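Tertiary structure, described
Chain by chain, the residues:
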Amino acid sequence: MLFGAKKKLSELVIIFQERKNDLDMQRNKLSKEHASVLADIRENPPRTSTLDARPLRRLEISKQIEEINSEMNWLESKITEAEIAIDLNRDAADQVHEVTLKDMIRLGIEDQQEVKTAE
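Note that the structure is predicted; figures quoted are calculated from it, not measured.

Another aspect to go through is the packing of helix α1 (residues 9-43) against helix α2 (residues 54-88). One way to put it is that α1 packs onto α2 with a least axis distance of 8 Å and a crossing angle of 160 degrees. What the angle tells us is that α1 and α2 run roughly antiparallel. Where α1 crosses over α2, the handedness of that crossing is left-handed. Residue classes in the contact of α1 with α2 are distributed as 18 nonpolar, seven polar and 13 charged.

Under the counting rule described, the total for this entry stands at seven salt bridges. Between arginine 54 and aspartate 40 there is a salt bridge, with its nearest N and O atoms 3.1 Å apart. Within this pair, whereas arginine 54 is found in helix α2, its partner aspartate 40 is found in helix α1, the two being separated by 14 residues in sequence. Residue arginine 54 is classed as buried on the basis of its relative accessible area, which comes to 18%.

Further remarks concern the nonpolar core. Within the largest apolar cluster, 19 residues are counted, with the highest numbers of intra-cluster contacts made by Phe16, Leu75, Leu107 and Ile109. Elements supplying a minimum of two residues to this core: α1, α2 and α3 (101-107). Once residues lying within four places of it in the same chain are set aside, the contact partners of leucine 75 are Phe16, Arg19, Lys20, Leu23 and Leu107.

Our focus in this paragraph is the side chain of threonine 100. Note that threonine 100 resides in strand β2 (residues 96-100). For threonine 100, a relative accessible area of 15% corresponds to the buried category. Of note is the side chain of threonine 100, whose polar atom sits 3.1 Å from the backbone nitrogen of aspartate 103.

All right, on to the side chain of glutamate 71 then. Of note, glutamate 71 is situated in helix α2. Polar side-chain contacts of glutamate 71 include one of 3.0 Å to the side chain of arginine 106. The residues touching glutamate 71, leaving out its near neighbours within four places in the chain, are Leu23 and Arg106.

Helix length check: α2, at 35 residues, gives a terminal C-alpha distance of 51 Å against a target of 51 Å (1.5 Å per residue), a fit within 8%. Every buried residue of α2 is listed here: Arg54, Ile61, Ile65, Ile68, Glu71, Met72, Trp74, Leu75, Ile79, Ala82 and Ile86. Elements that come into contact with the buried residues of α2 comprise α1 and α3.

Cut-off values and rules
- Residues numbered from 1 in each chain as written.
- Predicted model: local features only at pLDDT ≥ 70, side-chain atom pairs only at ≥ 80, totals over all residues.
- Heavy atoms only, no water.
- Axes fitted to C-alpha atoms, helices over the stretch in contact; angles between N-to-C directions.
- Helix = DSSP H or I, 4+ residues; strand = E, 2+ residues; numbered from the N terminus.
- Parallel < 35°, antiparallel > 145°, perpendicular 65-115°, else oblique.
- Left-handed = near helix turned anticlockwise from the far one by under 90°.
- Nonpolar A, V, L, I, M, F, W, Y, C, P; charged D, E, K, R; others polar.
- Salt bridge = Lys/Arg side-chain N within 4 Å of Asp/Glu carboxyl O.
- Buried < 20%, exposed > 50% of the residue type's maximum accessible area, 1.4 Å probe, protein only.
- Core = buried A, V, L, I, M, F, W, Y, C linked by side-chain atoms within 4.5 Å.
- Contact = heavy atoms within 4.5 Å.
- Polar contact = N/O pair within 3.5 Å; in protein donor to acceptor, adjacent residues only side chain to side chain.
- Expected span 1.5 Å × (residues − 1).

Pasting the structure below:
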């Protein structure tokens, strides 16, 4: 397991919540697009004689929404886990945790050392 940045638990909770909010906005946008495509399909049913990308687009949007829901469930579990740790021990909020590279990518966390060397 490769480790990346070190963050306080309180910082991680904020990152989790921000990422969850971003995903919620993406999901709302995709839900509107899904409803629009579905309404269009109902008004103008696809014909078998022509190529119609709308049904495929509807399925793609549905899969994206499912992936976002899965990611949001993961984030919610991490937020709950962190809140429980903080409730049990107030000092837990200031404890530093190493974030794996996979989770850094998943959460969009940039390594501050790399940012400083790039400047």
